[in-house]
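Fold and contact review
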Amino acid sequence: MGLWDRLFGSGAPEGFTGALEPEEHVAASAPSGEGWLVATPLGLWLPEQPPRRVGWHLVSKATWDGKALTVTEAVEDEVVTAETGGTAVLLRDLRPVRYAVERPGKLTDQVHQRVTQAIRQRRRDNVVGAWFLLRKIPGRDGAVLHVRADAGAAPDRVRAAAVEQVTALATGTAHWDPA
């Protein structure tokens, strides 16, 4: 247990049963249904039984409509490797899940900030039909290349484009937009 936790606790709300990492602290929380939505530097804890943390790099989208936070979580489907040895992770979005929140407090601001900060650079390829995102993974050094294909995009074209981007990043010829 770190000094902060010994002096002030993790900041977890009473009744939250998630197993925080030893140095993980709560940045914001809000009650939702039968549990808590909890934002920490490592991710967003969802009010499931038991609570489950989704790393910020796997939150594809989070929207607030004034009554609920809707979260679209991504799962890692495949890792492709280029001849340079670099890799890209192909993502697939799960169905969005809506969490009713009566008193959001700082939660929505924290979610927006942390999802946005996880993205270092991004690139859209309309021909292939995919987003290419360099993302910071909480608790790790460096960034990972995530590729999120549009619905209906050709998987072989997406894989080939991912390999091309990994190679371009390794050779310094990639053209990216700042996040």
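About the cut-offs
- Residues numbered from 1 in each chain as written.
- Predicted model: local features only at pLDDT ≥ 70, side-chain atom pairs only at ≥ 80, totals over all residues.
- Heavy atoms only, no water.
- Helix = DSSP H or I, 4+ residues; strand = E, 2+ residues; numbered from the N terminus.
- Buried < 20%, exposed > 50% of the residue type's maximum accessible area, 1.4 Å probe, protein only.
- Contact = heavy atoms within 4.5 Å.
- Areas by Shrake-Rupley, 256 points an atom, 1.4 Å probe, with all protein chains shown as cover.
- Lys, Arg positive; Asp, Glu negative; His and termini not counted.
- Charge placed at Lys NZ, Arg CZ, Asp CG, Glu CD.
- Salt bridge = Lys/Arg side-chain N within 4 Å of Asp/Glu carboxyl O.
- Core = buried A, V, L, I, M, F, W, Y, C linked by side-chain atoms within 4.5 Å.
- Pairing = 2+ DSSP bridges.
- Axes fitted to C-alpha atoms, helices over the stretch in contact; angles between N-to-C directions.
- Expected span 1.5 Å × (residues − 1).
- Arc of directions from axis to C-beta.

Quick notes on the overall build of the protein
Across its full length, the protein holds three helices and 12 strands. The 179 residues of the protein split such that 41% are buried. The long-range fraction of contacts in the protein, counting pairs at least 24 apart against all pairs at least 6 apart in sequence, stands at 46%. When the accessible area of the protein is evaluated, it comes to approximately 10100 Å², of which 51% is carbon and sulfur surface. Here the protein contributes 21 positive and 22 negative side-chain charges, whose respective centroids are spaced 4 Å apart.

What about the pattern of salt bridges?
Scanning the model with the defined rule gives 11 salt bridges in all. The residue aspartate 125 makes a salt bridge to arginine 123 at a minimum N-O spacing of 3.8 Å. Within this structure, Glu21, Glu24 and Arg53 form a network of salt bridges that share partners.

Side note on the nonpolar core
Counting residues in each nonpolar core, the largest one holds 23 residues, and the members touching the most others are Leu37, Leu44, Trp56, Leu69, Leu107 and Val111. Going through the elements one at a time, β1 (28-32), β2 (35-40), β3 (43-46), β6 (68-81), β7 (87-93) and α2 (107-118) are the ones with two or more residues in this core. In this view, leucine 44 contacts Leu37, Val38, Ala39, Arg52, Arg53, Val54, Trp56, Leu69, Val71, Leu107 and Val111; residues no more than four positions away in its chain are not counted. Listed in part, the 16 residues of the second largest apolar core include Leu134, Leu145, Val147 and Ala162.

Structural notes on the sheet that holds strand β4 (residues 52-55)
What the four strands build is an open sheet, ordered β1-β2-β3-β4; its pairing is antiparallel. Two strands close off the open sheet at either side, each with one partner strand: β1 and β4. Averaged over neighbouring strand pairs, the angle between their axes works out to 15 degrees when direction is ignored. Looking at chain direction, β2 and β3 are connected through three bridges and run antiparallel. Residue pairing for β3: threonine 40 is matched across the bridge by glycine 43.

Notes on α2
Along its 12 residues, α2 runs 16 Å from first to last C-alpha, staying within 8% of the 16 Å computed at 1.5 Å per residue. Regarding α2, the residues found buried are Leu107, Thr108, Gln110, Val111, Arg114, Val115 and Ala118. Axial view of α2: buried residues confined to an arc of 160 degrees, hence all on one face. Set apart from the buried face of α2 by more than 90 degrees, the exposed residues are Asp109 and His112.

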